[in-house]
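Given next are the chains, with one letter for each unit.
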Amino acid sequence: MAAALLICTEHAFRAARRADIRTHQMWMLCSYAVLFSAVTLRIELPILASVATHFTTAYRIVAWSCWVPNLAWAILYARFRSGHSVPYGALPLETVRTS
């Protein structure tokens, strides 16, 4: 999770330095989604721990389920916002809508 946060934030920083605002926005959305996984973990862990037989098993499941769905949602949202099937940064400049 920490590596994903650093990678997303680093890509966002580089895009901002290049003045590529759309790519910066997409990477910051991903960075926020990974950062928000701390909140997701605190919501999911008590629920799963009460259902699972072992706390360790519940924690191992939640360790992944707290950030992977958040990041997947952010990527899908960025794709939906762009109106294309790929994120902003992968599109040639001519195909990006300006709205």
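Residues numbered from 1 in each chain as written. Predicted model: local features only at pLDDT ≥ 70, side-chain atom pairs only at ≥ 80, totals over all residues. Heavy atoms only, no water.

### What to know about the overall build of the protein
Part 1: Looking only at helices and strands, one finds five helices and zero strands in the protein.
Part 2: For the protein, with 99 residues in total, the buried portion stands at 27%.
Part 3: In the protein, 51% of the contacts between residues at least 6 apart in sequence involve partners at least 24 apart.
Part 4: For the protein, the exposed area adds up to about 6800 Å²; of that, 68% sits on carbon and sulfur atoms. (Helix = DSSP H or I, 4+ residues; strand = E, 2+ residues; numbered from the N terminus. Buried < 20%, exposed > 50% of the residue type's maximum accessible area, 1.4 Å probe, protein only. Contact = heavy atoms within 4.5 Å. Areas by Shrake-Rupley, 256 points an atom, 1.4 Å probe, with all protein chains shown as cover.)

### Some points on the confidence of the model for the protein
Part 1: Here the protein averages 82 in pLDDT, and 83% of its residues register 70 or above.
Part 2: Note that pLDDT drops below 50 for residues 91-97; the model gives that stretch nine contacts with residues more than four away or on any other chain. (pLDDT = per-residue confidence, 0-100.)

### Structural notes on helix H5 (residues 68-82)
Part 1: Given a rise of 1.5 Å per residue, 15 residues ought to cover 21 Å, and the 21 Å separating the end C-alpha atoms of H5 matches this to within 8%.
Part 2: Considered for burial, the residues of H5 that qualify are Asn-70, Leu-71, Ala-74, Ala-78 and Ser-82. The buried residues of H5 occupy an angular sector of 105° when the element is viewed end-on, so they sit on one face. For H5, the exposed residues lying more than 90 degrees away from the buried face are Trp-73, Leu-76 and Phe-80. (Expected span 1.5 Å × (residues − 1). Arc of directions from axis to C-beta.)

### What about the state of the cysteines?
What we call a disulfide is simply a covalent bond connecting the sulfur atoms of a pair of cysteines.
Part 1: Under the definition given, this model contains zero disulfides.
Part 2: Note on Cys-8: no disulfide assigned, nearest cysteine sulfur contributed by Cys-30 at a separation of 5.1 Å.
Part 3: Classification of Cys-8 by relative accessible area gives buried; the value is 5%. (Disulfide = S-S within 2.5 Å.)

### Re unusual backbone geometry
Part 1: Phi is positive for Ala-19, which is not a glycine, with a value near 65°.
Part 2: Within the secondary structure, Ala-19 is located in the loop between helix H1 (2-17) and helix H2 (21-35).

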